[in-house]
Amino acid sequence: MASLLLKRVYEAPEASDGMRVLVDRLWPRGIAREKAEIDLWLKDIAPGDALRKRFHGKPEDWAAFCANYAEELEGAAAQAAVVELGGLMARGPVTLLYAARDEARNNAVALKAWLVRRGVEAS
């Protein structure tokens, strides 16, 4: 498996990013699609609206967010997106893009941890 990287969508694209996959449900504010250089937007792998809004109001509740997000990732639509993501990773590096300001606590961090727990190799 290829490496799985994380990056804010507002950071400049680099050749080492490989496939750039947006894992947010909403399009990031203030960024044009052309400038973002996003190869794929996997909305179905992002947290649902209710969970996203609940976490936005209580970022200190990180553990609960991760647990609830893990449950959502077991749904059919999310699992289809996970399979698609796995296919991309089999071909080369993948960078999960997110818009959140908090680089330590966001859905991409939680998603990567969830994928690693399931045996996906990541750097």
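Please refer to the structure placed before this passage.
Summary of the structure given here. Owing to the predicted nature of the structure, the values given are computational and were not obtained by experimental measurement.

Digging into the overall build of the protein
Part 1 of the reasoning: Helix and strand content of the protein: 5 helices and 4 strands.
Part 2 of the reasoning: Over its C-alpha atoms the protein spans a radius of gyration of 14 Å, differing by no more than 12% from the 14 Å that the globule rule assigns to 123 residues.
Part 3 of the reasoning: Sorting the 123 residues of the protein into buried and exposed places 41% on the buried side.
Part 4 of the reasoning: Restricting the contact set of the protein to residue pairs at least 6 apart, pairs at least 24 apart contribute 63%.
Part 5 of the reasoning: Of the charged side chains in the protein, 18 are positive and 18 negative; the average position of the first set lies 4 Å away from that of the second.

Overview of the sheet that holds strand β4 (residues 94-98)
Part 1 of the reasoning: Taken in spatial order, the 4 strands of this open sheet run β1-β4-β2-β3, and their pairing is parallel. Taken across any chain shown, the strands that pair with only one partner, and hence form the sheet edges, are β1 (4-8) and β3 (40-41).
Part 2 of the reasoning: The sheet contact formed by β1 and β4 spans 5 bridges and is parallel. From the neighbouring strand, Leu 4 faces β4, where its bridge partner is Val 94.
Part 3 of the reasoning: Each of β1, β2 (19-22), β3 and β4 is contacted by helix α4 (residues 76-91), which is oriented at about 135° to β4, the strand it contacts most.

Let's talk about the pattern of salt bridges
Part 1 of the reasoning: The final tally for this structure, using the stated rule, is 5 salt bridges.
Part 2 of the reasoning: Between Glu 14 and Lys 7 there is a salt bridge; the shortest N-O distance is 3.1 Å.
Part 3 of the reasoning: Here Glu 14 falls in the partly exposed class, since its relative accessible area comes to 47%.
Part 4 of the reasoning: Of the residues examined, Lys 7 reaches a relative accessible area of 5% and is grouped as buried.
Part 5 of the reasoning: Here Glu 74 and Arg 118 are joined by a salt bridge, their closest N and O atoms 3.2 Å apart. A residue pair is termed long-range when its members are at least 10 positions apart, and Glu 74 in the loop between α3 (62-72) and α4 and Arg 118 in the segment after α5 (107-117) qualify at 44 residues.

Quick word on the side chain of Arg 20
Part 1 of the reasoning: Relative to the elements of secondary structure, Arg 20 occurs in strand β2.
Part 2 of the reasoning: Sequence-distant contacts of Arg 20, that is, excluding residues within four places in its chain, are made with Lys 7, Val 9, Glu 11, Pro 13, Ala 36, Glu 37, Ile 38, Asp 39, Leu 40, Thr 95 and Leu 97.

Some words on the environment of Glu 84
Part 1 of the reasoning: Tracing the backbone shows Glu 84 in helix α4.
Part 2 of the reasoning: Assessed through its relative accessible area of 40%, Glu 84 is described here as partly exposed.
Part 3 of the reasoning: Along the chain, Glu 84 and Asn 107 lie 23 residues apart, while their C-alpha atoms are 18 Å from each other.

Things to note about α5
Part 1 of the reasoning: Among the 11 residues of α5, 8 are classified as buried, and the element is accordingly described as predominantly covered.
Part 2 of the reasoning: One side-chain oxygen at the N-terminal end of α5 lies 2.9 Å from the backbone nitrogen of Ala 108; it belongs to Asn 106.
Part 3 of the reasoning: Looking one or two residues beyond α5, the residue adopting positive phi is Gly 119, at roughly 95°.

Observations concerning the packing of α3 against α5
Part 1 of the reasoning: Contact geometry of α3 with α5 gives a least axis separation of 10 Å together with a crossing angle of 60°. Comparing their axes, α5 and α3 come out oblique. α3 and α5 meet at a crossing whose hand is right-handed. Where α3 approaches α5, its residues Trp 62, Phe 65, Cys 66, Tyr 69 and Ala 70 are matched on the opposing element by Asn 107, Val 109, Ala 110, Leu 111, Trp 114 and Arg 117.

The rules behind the values
Residues numbered from 1 in each chain as written. Predicted model: local features only at pLDDT ≥ 70, side-chain atom pairs only at ≥ 80, totals over all residues. Heavy atoms only, no water. Helix = DSSP H or I, 4+ residues; strand = E, 2+ residues; numbered from the N terminus. Rg over C-alpha atoms; globule rule 2.2 N^0.38 Å. Buried < 20%, exposed > 50% of the residue type's maximum accessible area, 1.4 Å probe, protein only. Contact = heavy atoms within 4.5 Å. Lys, Arg positive; Asp, Glu negative; His and termini not counted. Charge placed at Lys NZ, Arg CZ, Asp CG, Glu CD. Pairing = 2+ DSSP bridges. Axes fitted to C-alpha atoms, helices over the stretch in contact; angles between N-to-C directions. Salt bridge = Lys/Arg side-chain N within 4 Å of Asp/Glu carboxyl O. Polar contact = N/O pair within 3.5 Å; in protein donor to acceptor, adjacent residues only side chain to side chain. Parallel < 35°, antiparallel > 145°, perpendicular 65-115°, else oblique. Left-handed = near helix turned anticlockwise from the far one by under 90°.

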